[in-house]
Amino acid sequence: MISRRPERSINIRGDSASFLLVIGNKRYSSWSLRPWLLLKRLGVAFEEILVPLRTPEAEDLKRRNCPSGRVPTLHHGNVIVWESLAICEYLADLFPDRLLRPADPGKRAEARSIACEMHAGFTALRSNMPCNVAISMTDKSRNKDVDRDIARIEAIWTKCREAHSQSGPFLFGHFTIADAMFAPVAIRFRAYGVELPGRAGEYGKTMLALPAMQEWIEAGRNETWRVTVYEPPFEAA
């Protein structure tokens with residue numbers, strides 16, 4: 001989803017227009033992490049506006065910077081892009097040499113499919129295990145729908161790693177949009193004590209060990225804002 005601002009010009013290669021990413025709390029905002037991590041992996045310099053969610057100033061910040069009223073939103077020259085996956089796709093178009101989508105058409109289709117599945121699915125996991133980079137608990141109850149989501153993610157990670165283990169440590173060997181989309185899941189699994197076996201478990205550890213992931217997690221832990229519904233014992237909104 002892209003909107004244009006007329007007052008600035010854009011260079012489609014991304015080498016002259018500046019990047020500004022509007023994000024939510026690093027402690028909680030899994031949607032914001034995805035494009036933020038991709039920008040970090042690209043080595044692109046960018047500015048941030050952090051919107052402290054559910055605070056008095058949040059709505060004004062979102063109204064002034066986010067056409068949809070939600071984070072994340074990317075400003076690049078006279079282009080505004082919102083929604084995590086749309087931002088990632090936009091960056092892939094700007095930097096085609098980085099192969100953020102696999103070059104092979106079949107692999108690219110698979111990568112896009114699992115990225116879209118992550119974007120639209122796994123609602124039981126999201127609801128039962130709110131993203132919080134600062135917690136560690138192993139006694140969180142899970143229902144069969146959550147277990148089904150976990151099993152599906154394990155299957156995706158295992159299949160991809162078995163197919164591409166010789167070409168790198170990520171889902172398709174090198175880092176792609178699919179990895180950015182699944183990055184918050186690695187945080188969720190560690191937070192709630194979900195341990196996956198074999199290649200799937202190794203992949204989760206690889207993601208958590210990335211310097212950019214460590215930077216995000218550390219920043220989230222140091223934030224002073226708290227949102228009750230995302231903190232144990234997860235009180236009702």
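Just so it is clear, the structure is predicted and the values come from calculations on it, not from any experiment.

## Some points on the overall build of the protein
Helix and strand counts for the protein come out as nine helices and five strands. When its helices and strands are written in sequence order, the protein yields β-β-α-β-α-β-β-α-α-α-α-α-α-α. Looking at the protein as a whole, 53% of its 237 residues are labelled buried. Once the 33 positive and 28 negative side-chain charges of the protein are each reduced to a mean point, those two points are 2 Å apart.

## Notes on helix 4 (residues 105-120)
Every α-helix winds through 3.6 residues per turn, so residues three or four apart in the chain are directed the same way. Here helix 4 contains 16 residues, and its C-alpha end-to-end distance of 22 Å stays within 8% of the 22 Å for a straight helix at 1.5 Å per residue. Its side-chain oxygen placed 3.0 Å from the backbone nitrogen of Gly106, Asp104 serves as the N-cap of helix 4.

## Considerations on the nonpolar core
A general feature of soluble globular proteins is that nonpolar side chains tend to end up buried together. Membership of the largest hydrophobic core comes to 69 residues, with the highest contact counts inside it found for Leu91, Trp157 and Phe182. Per-element tally for this core: the top contributor is helix 7 (residues 177-191), with 11 residues. Sequence-distant contacts of Trp157, that is, excluding residues within four places in its chain, are made with Leu171, Phe182, Val185, Ala186, Phe189, Leu196, Ala200, Tyr203 and Gly204. Grouped together as the second largest cluster of nonpolar side chains are seven residues, Val22, Leu53, Ala58 and Leu61 included.

## What about the layout of surface pockets?
If you add up the space inside the largest pocket, you get close to 620 Å³. Lining the largest pocket are 23 residues, with Ser29, Ser30, Trp31, Leu53 and Tyr230 positioned closest to its centre. When residues of the lining of the largest pocket are traced back to their parent elements, those giving at least two are helix 1 (30-42), helix 2 (58-65) and helix 5 (123-128). Among the elements that line the lining of the largest pocket, the one with the most residues is helix 2, at three residues. Approximately 220 Å³ is the volume attributed to the second largest pocket. Lining the second largest pocket are 13 residues; nearest its centre among them are Val194, Glu195, Leu196, Gly201 and Lys205. Among the elements that line the lining of the second largest pocket, the one with the most residues is helix 8 (residues 198-209), at six residues. Tallied by class, the residues present in the lining of the second largest pocket amount to seven nonpolar, two polar and four charged.

## A few points about the pattern of salt bridges
Inspection of the entire model under this criterion finds 13 salt bridges. As a salt-bridge pair, Glu59 and Lys62 come within 3.2 Å of each other at their nearest N and O atoms. Taken together, the residues span about one helical turn, with Glu59 and Lys62 both in helix 2 at a distance of three residues. For Lys62, a relative accessible area of 13% puts it in the buried group. In this structure, Asp145 engages Arg148 in a salt bridge whose closest nitrogen and oxygen atoms are separated by 2.7 Å. Here Asp145 pairs with Arg148, and both are found in helix 6 (residues 144-164), just three residues apart, close to one helical turn. Connected through shared salt-bridge partners, Glu89, Asp93, Arg101 and Arg112 make up one network.

## Observations concerning the pairing of strand 2 (residues 19-24)
Most of strand 2 is tucked away: six of the six residues are buried. Residue alternation in strand 2 divides its side chains into two sets, Phe19, Leu21 and Ile23 and Leu20, Val22 and Gly24, and both sets are buried. Direction of pairing for strand 2 relative to strand 3 (residues 46-51): parallel, over a ladder of six bridges. Residue pairing for strand 3: Ile23 is matched across the bridge by Leu50. One ladder, built from four bridges, connects strand 2 with strand 4 (residues 73-76); its direction is antiparallel. Within strand 4, the position partnered with Val22 by the bridge is Thr73.

## Thoughts on the packing of aromatic side chains
Any pair of aromatic rings gets described here by the distance separating the centres and the angle formed by the planes. Here the structure, examined in full by the defined rule, presents nine aromatic pairs. When the ring of Trp36 is compared with that of Phe46, the centres are 6.5 Å apart and the planes differ by 85 degrees; the resulting orientation is edge-to-face. Taken together, the residues span a long stretch of sequence, with Trp36 in helix 1 and Phe46 in strand 3 at a distance of 10 residues. Each member of the pair Trp36 and Phe46 is classed as buried. Consider the rings of Phe122 and Phe182, whose centres lie 6.5 Å apart with planes at 65 degrees: the pair is edge-to-face. A residue pair is termed long-range when its members are at least 10 positions apart, and Phe122 in the loop between helix 4 and helix 5 and Phe182 in helix 7 qualify at 60 residues. One exposure class covers both Phe122 and Phe182, and it is buried. Taken together, the aromatic side chains of Phe122, Trp157, Phe182, Phe189 and Tyr203 make up a single cluster linked through ring pairs. When the ring centre of Trp31 is taken as origin, the NZ or CZ atom of Arg34, which lies over that ring, is 4.5 Å away.

Quick notes on the rules
- Residues numbered from 1 in each chain as written.
- Predicted model: local features only at pLDDT ≥ 70, side-chain atom pairs only at ≥ 80, totals over all residues.
- Heavy atoms only, no water.
- Helix = DSSP H or I, 4+ residues; strand = E, 2+ residues; numbered from the N terminus.
- Buried < 20%, exposed > 50% of the residue type's maximum accessible area, 1.4 Å probe, protein only.
- Lys, Arg positive; Asp, Glu negative; His and termini not counted.
- Charge placed at Lys NZ, Arg CZ, Asp CG, Glu CD.
- Expected span 1.5 Å × (residues − 1).
- Polar contact = N/O pair within 3.5 Å; in protein donor to acceptor, adjacent residues only side chain to side chain.
- Core = buried A, V, L, I, M, F, W, Y, C linked by side-chain atoms within 4.5 Å.
- Contact = heavy atoms within 4.5 Å.
- 1 Å grid on protein atoms, 1.4 Å probe; cavity = no way out; pocket = protein on both sides within 12 Å on 5 of 7 lines; lining within 4 Å.
- Points joined across faces, edges and corners; volume = space filled by probe spheres on them.
- Nonpolar A, V, L, I, M, F, W, Y, C, P; charged D, E, K, R; others polar.
- Salt bridge = Lys/Arg side-chain N within 4 Å of Asp/Glu carboxyl O.
- Pairing = 2+ DSSP bridges.
- Phe/Tyr/Trp six-rings, centres within 6.5 Å; stacked < 30°, edge-to-face > 60°.
- Lys NZ or Arg CZ within 6 Å of the ring centre and 35° of its normal.

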